[in-house]
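# Geometric and topological summary
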Amino acid sequence: MTIMAESRPDLIEGCRLPVLLSNGEEWHMAEILSKKEVGGRNIFYIHYEDFNKRLDEWVSEDRMDIGRMELPRKDTKTPKKEGKAVNGTTSRSSSPDRELVNGSAQKQKALVARKRKTVEEDPDGQPEPLPKIPRQTGSMVAHHDDIVTRMKNIEMIELGRYRIKPWYFSPYPQELTNVRIVYICEFCLKYLKSAKCLERHLMKCLLRHPPGNEIYRKDGVSFFEIDGRKNKTYAQNLCLLAKLFLDHKTLYYDTDPFLFYVLCEHDDKGYHIVGYFSKEKESTEDYNVACILTLPPYQRRGYGKLLIEFSYELSKFEGKTGSPEKPLSDLGLLSYRSYWSQTILDILLNLKPNEAGERPIITINEISEMTSIKKEDVISTLQHLNLINYYKGQYIITMSADQIESHSKAMAKKLITIDPKCLHWQPKDWSKRGKW
Ligand code: ACO
Ligand code: ZN
C-alpha cells in the first residue's frame, strides 16, 4: 500500500490567501507580490486587498492561512514572467502595462548602473544622484504601477529626532536599499548611508533652515519659499524624501519649473521640517499645489490643513483661484474636503441678512472669489455636504442644526491658522521672465 502525502501547493507570486494583520487579531485577504529568502526562511511581500499600498509588508508563513490559499488566476492576459526586482527578490508582472513600464524601469536601472560605475562616491558618503529623466507634468507625475516601484525599498529613515517607516517606493540610489536605516540631514535633506556619515556631514553642514526666503513666521512656525531652479539639490532631495510617502507619483529630476513651500517648526536648534507643498511657477490648469505632504510624525495635528490654507492664501495674493493637481490620494482628498467644507461653511454661516431681513444671497462665484477655491471644488463641496436644494424654481442652501453644531466644534478645535498679515511675499509673473 502506498501512502500519498498530500502535497502543499507552492506559495508563489500571485497567490491569494488570508493573512493575519499586524494587530494580531484579524485576517484579511492578501496577494503575494514577491518572495525572498532571509536566514534560510522564505518571507513574502504581500498586498492586502482593498487596503492602501502603504500597508503592504513582508510577512512570514506563520501569518498566512495556507489552507485557504487560492492559486493565481489563470485568466490574466499577461503571461506570467519572472523578473528580478530591485533588491534581488523575484516578482511577478501582472498586467500588460506593467510589462511595458517594467521594460523602461529595467532600462532606467541599467542607465543608473552604468552611471554609478563612472561616478565616484561623494566623500561624505552620499551616493551620487540618479540620472536626469525628462519631466512630464508636475514635479512628480502619475506613474503606472510596476513591480519595482510597487514595493517599498527603504526600510527606515532617520530625520532629525525621528525614525520614520516609509510608506512607498522612492528612487534613492540602490545601495541605500540595503542599509537598515537611511540617515537624512534634517536641514539640507542630504541622504547618507550611516550614522557616522551623518555625523561627519553635520560637522560641515552649516544650514539650520531650508534654503530660500522665509516668507511667513508666526506662532513658532515658518514657511520658506525655495526655487527649484536655484536650489536644485535641496529640491531633488525633498522630492526623494516626499516620494516615500506619496503614492501614484513618479519622481522626475527637473525641479526648475517648481517652487517649494516648506513648513518648519522652529526652536533653539533650528528650523525642523514638518511638511511642504510644491507649486508650478506657471500652471495652465490653475493648479496651486502639485504635491503636498505632512511628514508622518507631524500628521493629524492640523498641519495638512495649514499647508492647504497657505496655498490658498498665496492664490489670494495672486488674485487667482486654484485647485490641487489630480489625482488626490485618499488622505489628500480627506484633507482637502475638510478644508473646503470648513472654509465654505464659515462664509455661509457668517452671511448677514440684508436690511429688509431677507435671506442672505451669495453666488458660487462669490464664494470662489472670497476663498480662491476653484468654482468646481466649491460646487463639489456643497454637493458633498448635501447643502444644495432646489426649491420653488431656485437653488437654495439649507443647513441643519447638526451641521452648524459640528462646524462650530471643528472651528473651535482648529489649533493653528494662517495670519495673512505675517505673509511677506510678492507674487512673480513667471511668464514674463523668459527662462525661470
Ligand atoms: N485617517 C483618517 N483621517 C485622517 C488621516 C488618517 N490617517 N490623516 C488625516 N486625516 C484627516 C484629519 O482627521 C483631518 O480631518 P478633520 O479636519 O475632519 O479633523 C484632515 O484629514 C486633515 O488633517 P490634518 O491634520 O490637517 O492633515 P495632516 O497633517 O495629517 O496631513 C496629508 C494630511 C498632507 C494628506 C498627509 O496625510 C500626508 O502627507 N499624506 C501622505 C502624502 C499625501 O497623500 N499627500 C496628498 C497627495 S494629493 C496631492 O499631492 C495634490
Ligand atoms: Zn546638511
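All of the points below concern the structure found in this document. (Residues numbered from 1 in each chain as written. Chains lettered and ligands numbered in written order. Predicted model: local features only at pLDDT ≥ 70, side-chain atom pairs only at ≥ 80, totals over all residues. Heavy atoms only, no water.)

## Things to note about the overall build of the chain
Along the backbone of the chain there are nine helices and 21 strands. In the chain, buried positions account for 47% of the 436 residues. Partitioning the intrachain contacts of the chain with sequence separation of at least 6 by distance along the chain shows that 61% fall at a separation of at least 24. Carbon and sulfur atoms form 51% of the exposed surface of the chain, whose accessible area is close to 23,400 Å². (Helix = DSSP H or I, 4+ residues; strand = E, 2+ residues; numbered from the N terminus. Buried < 20%, exposed > 50% of the residue type's maximum accessible area, 1.4 Å probe, protein only. Contact = heavy atoms within 4.5 Å. Areas by Shrake-Rupley, 256 points an atom, 1.4 Å probe, with all protein chains shown as cover.)

## Comments concerning the coordination of the zinc ion (ligand 2)
Distances from the zinc ion (ligand 2) to its protein donors, namely Cys185 (SG), Cys188 (SG), His201 (NE2) and Cys205 (SG), fall within the range 2.1 to 2.3 Å. Considering all four donor atoms around the zinc ion (ligand 2), the spread of angles at the metal, 97 to 118 degrees, places the coordination shape in the tetrahedral class. Note on Cys188: relative accessible area 15%, which makes it buried. (Donors = N, O, S within 2.8 Å, 3.2 Å for Na, K, Ca; no water. Tetrahedral: all angles 85-135°; square planar, octahedral: opposite > 155°, others 65-115°.)

## Examining the side chain of Asp419
Here Asp419 shows up in the segment after helix 9 (401-413). In this structure, Asp419 is in contact with Tyr216 and Lys218, ignoring residues within four places of it in sequence.

## Side note on the site of ligand 1
Around ligand 1, the structure places 23 residues, and the nearest of them are Arg300, Gly302, Lys305, Ser329 and Ser338. Within the backbone of Arg300, a nitrogen or oxygen atom sits 2.8 Å from an oxygen atom of ligand 1. For ligand 1, an oxygen atom lies 2.8 Å from a polar atom in the backbone of Gly302. Contact with the protein chains removes 82% of the 980 Å² of surface that ligand 1 exposes when unbound. Going through the elements one at a time, strand 18 (292-294), helix 5 (303-318) and helix 6 (330-349) are the ones with two or more residues in the shell around ligand 1. Here the element with the most residues in the shell around ligand 1 is helix 6; it accounts for five residues. Among the residues making up the shell around ligand 1, the classes are represented as 11 nonpolar, eight polar and four charged. (Near = heavy atom within 4 Å. Polar contact = N/O pair within 3.5 Å; in protein donor to acceptor, adjacent residues only side chain to side chain. Nonpolar A, V, L, I, M, F, W, Y, C, P; charged D, E, K, R; others polar.)

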